[in-house]
Protein chains: 2
Amino acid sequence: MASARTDLYQIKEKMYVATDCIIFGFDSGKLKLLLFRRRVEPLRGEWSLIGSFVRLDEDIDVAGHRVLKEITGLDKVFMQQLKTYGKKDRDPGYRCISVAQYALIRIEEHDEQLVEEHGAHWFEIDDLPELILDHRQMVDDVLAQIRQNARYRPIGFELLPEKFTIPQLQLLYEAIYQKKLDSRNFRKKVLSLNVLEKLDEKDRSGSKRGAFLYKFNYKNYQQLMDSGYNFEIV
Amino acid sequence: MASARTDLYQIKEKMYVATDCIIFGFDSGKLKLLLFRRRVEPLRGEWSLIGSFVRLDEDIDVAGHRVLKEITGLDKVFMQQLKTYGKKDRDPGYRCISVAQYALIRIEEHDEQLVEEHGAHWFEIDDLPELILDHRQMVDDVLAQIRQNARYRPIGFELLPEKFTIPQLQLLYEAIYQKKLDSRNFRKKVLSLNVLEKLDEKDRSGSKRGAFLYKFNYKNYQQLMDSGYNFEIV
DNA sequence: GCAAAAGTGTTCTACTTACACCCATGA
DNA sequence: TCATGGGTGTAAGTAGAACACTTTTGC
């Protein structure tokens, strides 16, 4: 008995491990994803998430950051593991599992030229092209997870510039949840959390009157979380 | 430029992919984990989660179910992916990533003899031995995730017998959240969700008077979820 | 008759929701 | 002066939290 089991456990077979990055940006009131045309066979030329094989001497999350840096020029972005896709026949040809990770970037900070060089484009989330393999599934899964998480974690702030206005923040949440929010209630709610710092500057790009800029206060947020508070925005 | 990137992307190196199963049970009012003494070198004899290499012709989730079946004799258990652990040096000797999955089983249904044969034991979650590698991290992560998820998904029911009483359900939630709940409020809340079906039988194992048994109604639960309701128990 | 767990309702509070008008500014 | 988006307060409704006693039954 035990030896049968031990045998089974000892079947060691190696496989390829890839990571696919689901890169989010927020621009002109729209939530967007960065996709590119695959450069290698098979399926060359098809739209795809941006991925890479994970190297033997590389942590998986490091691989994700490497990909991100190569494509966007950005370091130190917010990135989180979504899920690992490991159906045996998900990739035609050879066995390859993929650890999907998602990144939230400040779209105005990325290197547009680099993105172009790689044949990558931003797509609005409700207008995506067909994607290869199980990438569409990954996108559906990440949207579900973000909608779930954004309620309780302030991940939205990662997508905005360092300084942002309340109307911008509201637009972002509206884009994530795909519904209109009441501006009075929204403002009341986010301000009551005490994680926003009002600045003396205004942003006048959205209106003549201008809206006050705010910064996210990570320290207060950490305190709020440590206190066990059930942060909920939407 | 582009060719440099293409080169980098094409570095294909294979690695071992394992899965570790975090197996939960609920017994005598305590939340428990199934651990076993590792049978292979290195670290033979140390306490460990139960895992296996994923085979080339096997889906990752199938590998998890295989492990579970081998150890507990159970099929068709609730199992969900937690996270993939992929630090390059997490496993001494060779590069091996691990996809952690957690399972919730009805402890009274498992095959005790099989468990014993494999040198496995149930431990209360607040009294775990030292674990190998990053398994302690996995356990901490899974507890955080379960506490998060159990608020909105009825995963608790997977740990109870098919027929259970409200006091049993409450004990389970108290074990998950490690705090006392008010029985009047708890009962009111779970019954108001309309996902429990009251049976005509009583369970008298817990008291002389006996408590009515209930069944979980998956259909109503599905409806509740589809309606977008924000299920929250604790 | 008593010990031990099951079962039940009400009040208070806090949060969410709904809702409409004035303000500041540039053109 | 007017068009545009920014900013504000209040009242009603709803859900959560706090709280203590009665019921059933085996021993």
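Conventions and cut-offs
Residues numbered from 1 in each chain as written. Chains lettered and ligands numbered in written order. Predicted model: local features only at pLDDT ≥ 70, side-chain atom pairs only at ≥ 80, totals over all residues. Heavy atoms only, no water. Helix = DSSP H or I, 4+ residues; strand = E, 2+ residues; numbered from the N terminus. Buried < 20%, exposed > 50% of the residue type's maximum accessible area, 1.4 Å probe, protein only. Contact = heavy atoms within 4.5 Å. Areas by Shrake-Rupley, 256 points an atom, 1.4 Å probe, with all protein chains shown as cover. Lys, Arg positive; Asp, Glu negative; His and termini not counted. Charge placed at Lys NZ, Arg CZ, Asp CG, Glu CD. UniProt positions renumbered as here; feature names shortened; annotations may be inferred. Expected span 1.5 Å × (residues − 1). Near = heavy atom within 4 Å. Polar contact = N/O pair within 3.5 Å; in protein donor to acceptor, adjacent residues only side chain to side chain. Axes fitted to C-alpha atoms, helices over the stretch in contact; angles between N-to-C directions. Parallel < 35°, antiparallel > 145°, perpendicular 65-115°, else oblique. Nonpolar A, V, L, I, M, F, W, Y, C, P; charged D, E, K, R; others polar. Pairing = 2+ DSSP bridges. Patch = residues over 30% accessible without salt bridge, like charges linked within 9 Å, V, L, I, M, F, W, Y side chains within 5 Å. Salt bridge = Lys/Arg side-chain N within 4 Å of Asp/Glu carboxyl O. Least-squares fit on C-alpha atoms with pLDDT ≥ 70 in both. Buried area = accessible area lost by both parts, 1.4 Å probe.

On to the overall build of chain A, then. Within chain A, the secondary structure is distributed over seven helices and ten strands. For the C-alpha atoms alone, the extent of chain A along its principal axes is close to 70 × 45 × 30 Å. Relative to its 234 residues, chain A shows a buried fraction of 52%. For chain A, restricting intrachain contacts to residue pairs at least 6 apart in sequence, the fraction spanning at least 24 positions comes to 67%. Within the structure as shown, chain A displays about 11500 Å² of accessible surface, and the carbon and sulfur contribution to it stands at 46%. The averaged location of the 37 negative side-chain charges in chain A is 5 Å from the averaged location of its 37 positive side-chain charges.

Now for the UniProt feature "domain: Nudix hydrolase" (unreviewed entry) in chain A. Within the UniProt annotation, "domain: Nudix hydrolase" (unreviewed entry) is assigned to residues 14-145 of chain A. Secondary structure over residues 14-145 of chain A splits into 23% helix and 38% strand, and the C-alpha atoms at its two ends are 30 Å apart.

Okay, helix α5 (residues 166-177) of chain A next. All names here are of chain A. The end-to-end C-alpha separation of α5 is 16 Å, in line with the 16 Å expected for twelve residues at 1.5 Å each. Here α5 has its buried residues at Ile 166, Leu 169, Gln 170, Leu 172, Tyr 173, Glu 174, Ala 175, Ile 176 and Tyr 177. Just beyond α5, the residue with positive phi is Gln 178, at close to 50°.

Moving on, we get to the protein's contact with DNA strand C. Of all residues adjacent to DNA strand C, which total 19 residues, the nearest are Arg 184 and Arg 209 of chain A together with Arg 184, Arg 187 and Arg 209 of chain B. The protein-proximal atoms of DNA strand C, defined as those within 4 Å of the protein, are 44% sugar or phosphate. In the model, a base nitrogen of DNA strand C is placed 2.5 Å from a nitrogen or oxygen of the Arg 209 of chain B side chain. Here a phosphate oxygen of DNA strand C and a backbone polar atom of Phe 212 of chain B are 3.1 Å apart. Of all the secondary-structure elements, those providing two or more residues to the surface near DNA strand C are α6 (183-192) of chain A together with α6 (183-192) and β10 (211-216) of chain B.

It is worth spelling out the packing of α5 of chain A against α6 of chain A at this point. Each pair of packed helices can be summarised by the angle the axes make with each other and by the distance between the axes. All names here are of chain A. Look at α5 against α6: their axes get within 10 Å of each other, and the N-to-C directions meet at 105°. In this view, α5 runs roughly perpendicular relative to α6, as classed from their interaxial angle. Contacts between α5 and α6 involve Ile 166, Pro 167, Leu 169, Gln 170 and Tyr 173 from the former and Ser 183, Phe 186, Arg 187, Val 190 and Leu 191 from the latter. Partitioned by chemical class, the residues of the contact of α5 with α6 number seven nonpolar, two polar and one charged.

Once that is clear, we can look at the sheet that holds β10 of chain B. Residues and elements named next belong to chain B. The antiparallel open sheet is built from three strands, whose spatial order is β8-β10-β9. Unpaired on one side and paired on the other, β8 (163-165) and β9 (196-203) mark the two borders of the sheet. Direction aside, the axes of adjacent strands within the sheet are offset by 45° on average. Pairing of β8 with β10 involves three bridges; the strand directions are antiparallel.

Our next topic: a positive patch on the surface. Among the surface-exposed residues, Arg 187, Lys 198, Lys 202, Arg 204 and Arg 209 of chain A lie close enough to one another that they form a single positively charged patch. In this fold, Arg 204 of chain A is placed in the loop between β9 (196-203) and β10 (211-216).

Residues and elements named next belong to chain A. Strand order across the open sheet formed by three strands is β8-β10-β9, with antiparallel pairing between neighbours. Edge positions in the sheet fall to β8 (163-165) and β9, since each of these pairs with one other strand and no more. Strand-to-strand twist across the sheet, computed as the mean angle between neighbouring axes with direction ignored, equals 45°.

The pair of chain copies shares a relation made of a rotation about an axis and a shift along it. When chain B is brought onto chain A, the operation consists of a screw motion whose angular component is 180° and whose axial shift is 0.0 Å, with 0.1 Å RMSD remaining. What the rotation and shift describe, once combined, is the action of a two-fold rotation axis. A shared binding surface is used by both copies, with 100% of the interface residues of chain B retained as interface residues in chain A.

What follows concerns the protein's contact with DNA strand D. Around DNA strand D lies a shell of 19 residues, among which Arg 184, Arg 187 and Arg 209 of chain A together with Arg 184 and Arg 209 of chain B are the nearest. The sugar-phosphate portion of DNA strand D accounts for 43% of its atoms within 4 Å of the protein, the bases making up the rest. The contact in question runs from a base oxygen of DNA strand D to an N or O atom on the side chain of Lys 188 of chain A, over 3.0 Å. Note that a phosphate oxygen of DNA strand D is positioned 3.3 Å from one of the side-chain N or O atoms of Lys 189 of chain B. Put simply, the parts of the chain that give the surface near DNA strand D at least two residues each are α6 and β10 of chain A together with α6 of chain B. The element that contributes the greatest number of residues to the surface near DNA strand D is α6 of chain B, accounting for four residues. For the surface near DNA strand D, the residue count by class is three nonpolar, four polar and twelve charged.

Each partner contributes residues to the interface: chain B has 51 residues there, and chain A has 51 residues. Roughly 4800 Å² of surface becomes buried between chain B and chain A when both sides are summed, with 54% attributable to carbon and sulfur atoms. Linking chain B to chain A there are four salt bridges. Linking Asp 61 of chain B and Lys 87 of chain A is a salt bridge whose minimum nitrogen-to-oxygen distance equals 3.6 Å. On the surface where chain B and chain A come into contact, there are 18 residue pairs in polar contact (both at pLDDT 80 or more). Every element with two or more residues in the side of chain B that touches chain A is listed here: α1 (2-10), β1 (14-27), β4 (50-53), α2 (60-72), β5 (78-85), β6 (96-104) and α3 (112-117) of chain B. Split into classes, the residues belonging to the side of chain B that touches chain A amount to 22 nonpolar, ten polar and 19 charged. With three bridges connecting them, strand β1 (residues 14-27) of chain A and β1 of chain B associate as antiparallel partners. Counterpart to Lys 14 of chain A in the pairing with β1 of chain B is Tyr 16 of chain B.

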